[in-house]
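# Report on the structure
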Amino acid sequence: MLVIGFYARQMWSCHASLTPAQAKRLRTEYSREDLSYFGQIAFGNDLGTLSETIHRWNRPVVRVAIMTACTAAEKQEVRRVLADLNTISRSTKFQLQPDEPDLRIYFAPIQDIPQLFRGHDGSANGIFAFRTTPCGEITSATVAVANNLTFAGHEEAIIREEIAQSIGLPKDTNRYPKSVFSSNRQIVIDQVSGDTYHLFATKFLPIDRRIISILYNSGIPVNTSRADFTRHVLAAPE
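Here is what the cut-offs are and how they apply
- Just so you know, the residues in each chain are numbered from 1, in the order the chain's sequence is written.
- Since the coordinates come from a predicted model, pLDDT governs what is reported: local features require at least 70, and pairs of side-chain atoms require 80 or more to be given and counted, while whole-chain, interface and lining totals use all residues.
- Computation of side-chain values: all heavy atoms of the structure, hydrogens and water removed.
- Each residue carries a pLDDT value, the predictor's own confidence for that position, ranging from 0 to 100.
- A run of H or I in DSSP counts as a helix once it spans at least four residues, and a run of E counts as a strand once it spans at least two, with each numbered from the N terminus.
- The contact criterion used is simple: two residues touch if any of their non-hydrogen atoms lie within 4.5 Å.
- To estimate the expected span of a helix, count its residues, drop one, and scale the result by 1.5 Å.
- Only protein chains enter the accessibility calculation, which uses a 1.4 Å probe; a residue is then buried when its area is under 20% of its type maximum, exposed when over 50%, and partly exposed in between.
- Comment: arc refers to directions from the helix axis out to C-beta atoms.
- Residue types Ala, Val, Leu, Ile, Met, Phe, Trp, Tyr and Cys, when buried and joined through side-chain atoms within 4.5 Å, form a set referred to as a nonpolar core.
- Whether two strands pair comes down to DSSP finding at least two bridges between them.
- Any pair of nitrogen or oxygen atoms within 3.5 Å is treated as a polar contact; in protein, a donor-acceptor pairing is required on top of that, and neighbouring residues in sequence qualify only through side-chain atoms on both sides.
- Any carboxyl oxygen of Asp or Glu that lies within 4 Å of a side-chain nitrogen of Lys or Arg is treated as forming a salt bridge with it.
- Handedness rule for crossovers: strands pointing away from the viewer, path from the first strand over the helix to the second running clockwise, crossover right-handed.
- Only C-alpha atoms enter the line fits that serve as axes; for helices the fit covers just the stretch in contact. Angles between N-to-C directions range over 0 to 180 degrees.
- Roughly parallel refers to an angle under 35 degrees, roughly antiparallel to one over 145, roughly perpendicular to one between 65 and 115, and oblique to any angle outside these ranges.
- Each residue receives one of three labels: charged for Asp, Glu, Lys and Arg, nonpolar for Ala, Val, Leu, Ile, Met, Phe, Trp, Tyr, Cys and Pro, and polar for the others, Gly being one of them.

Bringing the confidence of the model for the protein chain into the picture now. When pLDDT is averaged across the protein chain, the result is 85; 84% of the residues are at 70 or more. Between the elements of the protein chain, mean pLDDT differs from a low of 40, seen in strand S1 (residues 3-7), to a high of 98, seen in strand S2 (residues 61-66). Here residues 1-12 is a poorly scored stretch, pLDDT under 50, and it has 50 contacts once near neighbours within four places are set aside; other chains count.

As structure tokens, then:
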């Protein structure tokens, strides 16, 4: 599975620094492993086209709309993901409503996705993009999901991953294979036959939920840099 994110390049710089109190709160409320994993997925993107700073929706309500025809199951899965996000985030709620959406979701055959994302080569099962203010606040986002996938659970996993990444967690990693943010969902279990078993993340792991909580509940400032996060949080003494 290939998942790619495209972003608008920021035209200005705007730096926010972690205060000692904010850094201490992060170290107190979250484990070192939580913070380390957050550091892997919250800064920059896999294409190298996004600044390595915190990006986040900084508003009480994000309006979400499905812009294309979809099945009842697809709509239900979107509702399920938004409901999960709303149980985690205390600062921002995600509501499915058609009027003036902030986050737009498209379902289309994989070969049609390039029509939605300029420069996309048509090889990804899902894709997302967001635009930000000069200081890193997300102002709009787009998600596209291929609706002609073969394996059970695959589309549900793509819906969940792309929405989760569009809220400000843009990177992939293979640190936790069952995580929504995993970069590798295909694992070979039978070393003799070579049978490949597909592992799709259709639920948030507990650590996924904590990563989302760090972004939306911890008070970490928008536009905090990776360098500051590393210096004041990850590299700070116990």
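Continuing now.
So, on to helix H3 (residues 72-88). With 17 residues, H3 extends 25 Å between its outermost C-alpha atoms, agreeing within 8% with the 24 Å of an ideal straight helix rising 1.5 Å per residue. Within the sequence span of H3, burial applies to Glu74, Glu77, Val78, Val81, Leu82, Leu85 and Ile88. Seen along its axis, H3 keeps its buried residues to an arc of 130°; they face one direction. Along H3, exposed side chains directed more than 90 degrees from the buried face belong to Ala72, Ala73 and Thr87.

Ranked by internal contacts, the top residues of the largest apolar core, which has 50 residues, are Leu26, Phe38, Trp57, Leu85, Phe94, Leu169 and Phe229. Per element, the largest residue contribution to this core is six residues, and it comes from helix H5 (residues 206-217). Residue contacts for Phe94: discarding those within four places in its chain leaves Trp57, Val62, Val64, Leu82, Leu85, Asn86, Ile167 and Tyr216. The next biggest cluster of nonpolar side chains, apart from the first, holds seven residues, and it includes Tyr106, Ile113, Phe117 and Ile127.

Another point: the pairing of strand S4 (residues 103-108). Among the six residues in S4, five count as buried, and that is most of the element. Relative to S4, S2 is paired through three bridges, and the arrangement is parallel. Residue Val64 lies in a different strand from S4, and its bridge partner there is Leu103. Pairing of S4 with strand S6 (residues 138-146) involves six bridges; the strand directions are parallel. Bridge assignment links Arg104 to a residue of S6, and that residue is Thr142.

Relative to the helices and strands, Ser89 resides in the loop between H3 and strand S3 (93-96). Looking at Ser89, its side chain comes within polar contact range of the main-chain oxygen of Thr92, at 2.7 Å.

What follows is about the pattern of salt bridges. Following the criterion strictly, the structure yields eleven salt bridges and no others. A salt bridge links Asp84 to Arg160, with the nearest nitrogen and oxygen atoms 2.8 Å apart. With Asp84 in helix H3 and Arg160 in helix H4 (residues 154-166), this residue pair connects regions lying 76 residues apart in the sequence. Looking at Arg160, the relative accessible area reads 1%, which means it is buried. Note that Arg231 and Asp228 form a salt bridge whose closest N and O atoms lie 2.7 Å from each other. Taken together, the residues Arg231 and Asp228, both in helix H6 (residues 226-234) and three residues apart, mark about one turn of the helix. You can call Asp228 buried: its relative accessible area is 8%. Counted as one network, the salt bridges with shared partners bring together Arg59, Arg63, Glu100 and Asp102.

Where a strand is regular, its side chains alternate between the two sheet faces. As defined by bridge partners, S2 adjoins S3 across four bridges and the pair is classed as parallel. Each residue of the ladder has a partner; that of Val62, found in S3, is Phe94. Crossover S2 to S3 through H3 is right-handed.

Our focus in this paragraph is the packing of helix H2 (residues 32-41) against H6. At a closest axis distance of 11 Å, the pairing of H2 and H6 adopts a crossing angle of 170°. If you check the angle between H2 and H6, you find them roughly antiparallel. Contacts from Arg32, Leu35, Ser36, Phe38 and Gly39 of H2 reach H6 at Arg226, Phe229, Val233 and Leu234. When the residues that make up the contact of H2 with H6 are grouped by side-chain class, the tally is five nonpolar, two polar and two charged.

All right, on to the side chain of Thr173 then. For Thr173, the position within the fold is in the loop between H4 and strand S7 (186-188). Only 3.2 Å separates the side chain of Thr173 from the backbone nitrogen of Arg175, close enough to count as a polar contact. The residues touching Thr173, leaving out its near neighbours within four places in the chain, are Tyr37, Gln40, Ile41, Phe181, Ser182 and Ser183.

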